[in-house]
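A look at the structure
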Amino acid sequence: PGGSSSETGRKIFNEECQSCHTIGGGDLVGPDLKGVLEKRDREWVARFIGSPDWGIAEGDPIALELLDEFFGAEMPNLALTEEDVELIMVFLEEQDSLTQTTVVLPTGSTSRGEKVFTGVQQFENGGIPCMACHTVGGIGEYGGGNLGPDLTHVFDRYGEHGLASAMQNISFPNMKSVYFGKTLIPQEVADLLTFFAEADATGNEGVADSVTGLFWGSGVVGALA
């Protein structure tokens, strides 16, 4: 039954989803869905597939982030039935199980995570600090950049495993070019995870002002140059 459900899900995926998404073949109109269930909560993915307009209408932060990352390409409502959605989910779960790799991370440090976030400690493989584009509530006087979303509660939105996977396999278009060939090492991922967990538990979302955005935006342009 499981194999049959997965094959049916594959057929629906090929008919309805393949024009905009791949699984391991890179981004198209929408994101590559390889490992999507490692990065996102299953219930969230199923709801988004069944009713993608829900996320935009209710201001879901992940949906809005994806809308921004893919230049306003809003996923259409395909009028899938609940059964169709579940079959696609079974297919995606099977694909995840075929490619999933377990990476054991070292113990993280909140202080080191803050240092790599702010750029006080540089990433070992290069790359601009997170603070150039993002802010985290309570980070300090500069607040962070406003080119990307507020990351105060990113740990809650993605979960530990999903967030770790997102940092190890950066797939957002605006970030891929910046971090191309500059993969975060396991210790940096662990430190940032610990830092984001602490921020999620204690911080309030802060909005970087225009001066801050200009300050860090100039830093991004300089770094890319």
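What counts as what
Along every chain, residues carry numbers that run from 1 in the direction the sequence is written. It should be noted that, the model being predicted, local features are given only for residues of pLDDT at least 70 and side-chain atom pairs only at 80 or more, the latter also being counted only at that level, while totals for whole chains, interfaces and linings use all residues. The basis for the side-chain values is all heavy atoms of the structure; hydrogens and waters are excluded. A run of H or I in DSSP becomes a helix once it reaches four residues, and a run of E becomes a strand once it reaches two; helices and strands are each numbered from the N terminus. Every accessible area reported is derived by Shrake-Rupley at a probe size of 1.4 Å, with residue values counting cover from the shown protein chains alone. Pairs of N or O atoms are called polar contacts if they sit within 3.5 Å, as long as, within protein, a hydrogen donor faces a hydrogen acceptor (for residues adjacent in sequence, only side-chain-to-side-chain pairs). Every residue pair with non-hydrogen atoms within 4.5 Å of one another is taken to be in contact. Whenever Lys or Arg places a side-chain nitrogen within 4 Å of a carboxyl oxygen from Asp or Glu, that contact is recorded as a salt bridge. Buried Ala, Val, Leu, Ile, Met, Phe, Trp, Tyr and Cys residues that are joined via side-chain atoms within 4.5 Å together make up what is termed a nonpolar core. Buried, partly exposed and exposed residues are distinguished by accessible area as a fraction of the type maximum, computed with a 1.4 Å probe on protein chains only: under 20%, between the cut-offs, and over 50%, respectively. Residue-level confidence of the predictor, termed pLDDT, takes values from 0 up to 100.

Once that is clear, we can look at the overall build of the protein. Scanning the protein from terminus to terminus reveals 11 helices and zero strands. Tracing the protein from N to C terminus, the helices and strands come up as α-α-α-α-α-α-α-α-α-α-α. When the accessible surface of the protein is summed, it comes to about 11,800 Å², and 54% of that surface belongs to carbon and sulfur atoms.

A few words now on the side chain of Asp32. Position of Asp32 among the secondary structure elements: in the loop between α1 (2-16) and α2 (36-39). Of the polar contacts made by the side chain of Asp32, one reaches the backbone nitrogen of Gly24; its length is 2.7 Å. A polar contact of 2.9 Å, which involves the side chain of Asp32, links it to the backbone nitrogen of Lys34. Ignoring anything within four residues of it in the chain, the contact list for Asp32 reads Thr22, Ile23, Gly24, Gly25, Gly26 and Asp27.

The next subject is the pattern of salt bridges. The tally for this structure, following the rule as stated, stands at five salt bridges. Across the pair Glu7 and Arg10 runs a salt bridge, and its minimum N-O distance is 3.8 Å. Taken together, the residues Glu7 and Arg10, both in helix α1 and three residues apart, mark about one turn of the helix. Between Glu93 and Arg42 there is a salt bridge whose closest N-O contact spans 2.6 Å.

Side chains of nonpolar character tend, in soluble globular proteins, to be buried together. Of all hydrophobic cores here, the largest spans 27 residues; its most connected members are Phe117, Leu163, Met167, Leu192 and Phe196. Top element by residues in this core is helix α8 (residues 154-168). It accounts for seven residues. With near-sequence residues (within four places) excluded, Phe117 lies in contact with Pro129, Cys130, Met131, His134, Thr135, Val136, Ile139, Leu151, Leu192, Phe195 and Phe196.

With that settled, the discussion passes to the confidence of the model for the protein. Per-residue pLDDT for the protein averages 82, and the proportion of residues at 70 or more is 83%. Ranking the elements of the protein by mean pLDDT puts helix α11 (residues 210-224) last with 41 and helix α7 (residues 110-118) first with 95. Between residues 207-225, whose pLDDT stays under 50, and residues either more than four places distant or in other chains, the model counts 21 contacts.

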